[in-house]
Amino acid sequence: MTRRIIIAGNWKMHKTAEESATLAKEIVAALKAAPSANEVVVCPTYVALDRVSSVLAGSGIALGAQDMHWENQGAFTGMISGDLLKAVGVTYVILGHSEQRAYFGETDATVNKKVIKALADGLSPIVCVGETLEEREGNITEKVVETQLRGAYADISAADARKTVVAYEPVWAIGTGRTATSQQAQDVHKYIRGLLASIYDAATAESVRIQYGGSMKPENAAELLAQPDVDGGLIGGAALKADAFLGIIGAA
Ligand code: PGA
């Protein structure tokens, strides 16, 4: 089974629409000059989606959002629905990011509702899982990841699961400069693939791409991405500069 590498930039709460368009233009131009076999996704803030969507048109680079609500429309002040995202050209949506879990009350149950709705809307969820430093040191990484994964995929069919991407992001490696070793990443990725095989079947598990996230940069990307179960990266800090992001795409 060959899985196409997927490199996604999570721009978090950075960059105006103007700055986002500039960064997107740099990435588009560079990949036009030197095309990559990898799938590339950029996830700007909501207010930049429309501008970036225009920049990406025809480039083959996909547009992602950083979250969405599970309702279609209505009195949900501050929320964004899958329909609204689709209308500006979004095809991927990051769900269950550890920052959402830590600061904004995201739970496995709300992640599950969002995954179900994203799939119903025709969006591909990037489902984030990962343990904290305390959990790793307490030797419960697998338990934590299992609970998050089973929670997120409750009532999701195998056919739908194949449309998703899992992002393994150890919380202690996010934005800290501290990267999981390639072996630590591979161990958990392999564990996640085994879980998917037990929830679904081997063929489904083999087809789902599992990204690593947490201080991935051009210097460590090649080694991480060389691991058999590491199928891409979800990049925060290093995705905010075109040369670093392109370096990671090139390393893959
Ligand atoms: P980082 O963030 O690359 O800055 O560690 C990754 C993420 O949170 O998606």
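Residues numbered from 1 in each chain as written. Predicted model: local features only at pLDDT ≥ 70, side-chain atom pairs only at ≥ 80, totals over all residues. Heavy atoms only, no water.

A. Main features of the overall build of the protein chain. Looking only at helices and strands, one finds 12 helices and 8 strands in the protein chain. Against the 2.2 N^0.38 benchmark of 18 Å for 252 residues, the protein chain shows a C-alpha radius of gyration of 17 Å, consistent with a compact globule. Along the three orthogonal principal directions, the C-alpha set of the protein chain runs to about 45 × 45 × 35 Å. Burial statistics for the protein chain: of 252 residues in total, 54% are counted as buried. (Helix = DSSP H or I, 4+ residues; strand = E, 2+ residues; numbered from the N terminus. Rg over C-alpha atoms; globule rule 2.2 N^0.38 Å. Buried < 20%, exposed > 50% of the residue type's maximum accessible area, 1.4 Å probe, protein only.)

B. Structural detail: the environment of L95. Position of L95 among the secondary structure elements: in strand β4 (residues 92-95). Considered as a pair, L95 and S59 are 36 residues apart in the sequence and their alpha carbons are 25 Å apart. With sequence-adjacent residues up to four places away left out, L95 is seen in contact with D67, M68, K114, V115, A118, P125, I126, V127 and C128. (Contact = heavy atoms within 4.5 Å.)

C. How the structure looks around the site of the ligand. Around the ligand sit 13 residues in total, of which K12, H97, E169, G175 and S215 are the nearest. Within the contact set of the ligand, an oxygen atom lies 2.7 Å away from a backbone nitrogen or oxygen of S215. For the ligand, an oxygen atom lies 2.8 Å from a polar atom in the backbone of G236. In the complex, 95% of the free accessible area of the ligand, which totals 280 Å², lies under the protein chains. With respect to the detected pockets, the ligand is housed in the second largest pocket. When its residues are assigned to classes, the shell around the ligand shows 4 nonpolar, 7 polar and 2 charged. (Near = heavy atom within 4 Å. Polar contact = N/O pair within 3.5 Å; in protein donor to acceptor, adjacent residues only side chain to side chain. Areas by Shrake-Rupley, 256 points an atom, 1.4 Å probe, with all protein chains shown as cover. 1 Å grid on protein atoms, 1.4 Å probe; cavity = no way out; pocket = protein on both sides within 12 Å on 5 of 7 lines; lining within 4 Å. Sits in = over half its atoms within 2 Å of the grid points. Nonpolar A, V, L, I, M, F, W, Y, C, P; charged D, E, K, R; others polar.)

D. Quick peek at the sheet that holds strand β6 (residues 165-168). Judged by pairing direction, the barrel is parallel, and its 8 strands sit side by side in the order β1-β2-β3-β4-β5-β6-β7-β8 before closing back on the first. Strand-to-strand, the axes of this sheet are offset by a mean angle of 25°, without reference to chain direction. Sheet topology note: the β6/strand β7 (residues 209-213) ladder contains 4 bridges and is parallel. Note on β7: the bridge partner recorded for Y168 is Y212. Each of β5 (124-129), β6 and β7 touches helix α9 (residues 182-199); the most contacted strand, β7, lies at about 150° to it. (Pairing = 2+ DSSP bridges. Axes fitted to C-alpha atoms, helices over the stretch in contact; angles between N-to-C directions.)

E. The arrangement of the pattern of salt bridges in detail. What the rule picks out here adds up to 16 salt bridges. R3 is paired through a salt bridge with D231; the nearest N and O atoms lie 2.9 Å apart. In this pair, R3 sits in the segment before β1 (6-10) while D231 sits in the loop between α11 (218-225) and β8 (232-235), placing the two residues 228 residues apart along the sequence. We note that R3, like D231, is buried. R150 serves as the salt-bridge partner of E146, at 2.7 Å between the closest nitrogen and oxygen. Here E146 pairs with R150, and both are found in helix α7 (residues 141-152), just 4 residues apart, close to one helical turn. Through salt bridges with shared partners, a single network forms among R3, R193, E206, D229 and D231. (Salt bridge = Lys/Arg side-chain N within 4 Å of Asp/Glu carboxyl O.)

F. Layout of the nonpolar core. Among the nonpolar cores identified, the biggest contains 67 residues, and W11, I27, Y153, V166, I192, Y212 and F245 are the most heavily contacted of them. Ranked by residue count, the leading element in this core is helix α1 (residues 17-33), at 7 residues. With sequence-adjacent residues up to four places away left out, I27 is seen in contact with W11, V42, I61, A242, F245 and L246. Within the second largest apolar cluster, 12 residues are counted, among which are I126, V165, A167 and L234. (Core = buried A, V, L, I, M, F, W, Y, C linked by side-chain atoms within 4.5 Å.)

G. Molecular detail of the layout of surface pockets. The calculated volume of the largest pocket comes to roughly 640 Å³. In terms of lining, the largest pocket is formed by 24 residues, of which the most central are Y46, Q66, D67, Q100 and F104. Going through the elements one at a time, α4 (98-103) and α5 (108-120) are the ones with two or more residues in the lining of the largest pocket. Broken down by element, the residue count for the lining of the largest pocket peaks at 3 residues, all from α4. Within this model, the second largest pocket holds a volume of roughly 220 Å³. Along its surface, the second largest pocket is lined by 18 residues, and K12, G175, S215, G236 and G237 are the ones closest to its centre. Across the lining of the second largest pocket, the residue classes tally to 6 nonpolar, 9 polar and 3 charged. (Points joined across faces, edges and corners; volume = space filled by probe spheres on them.)

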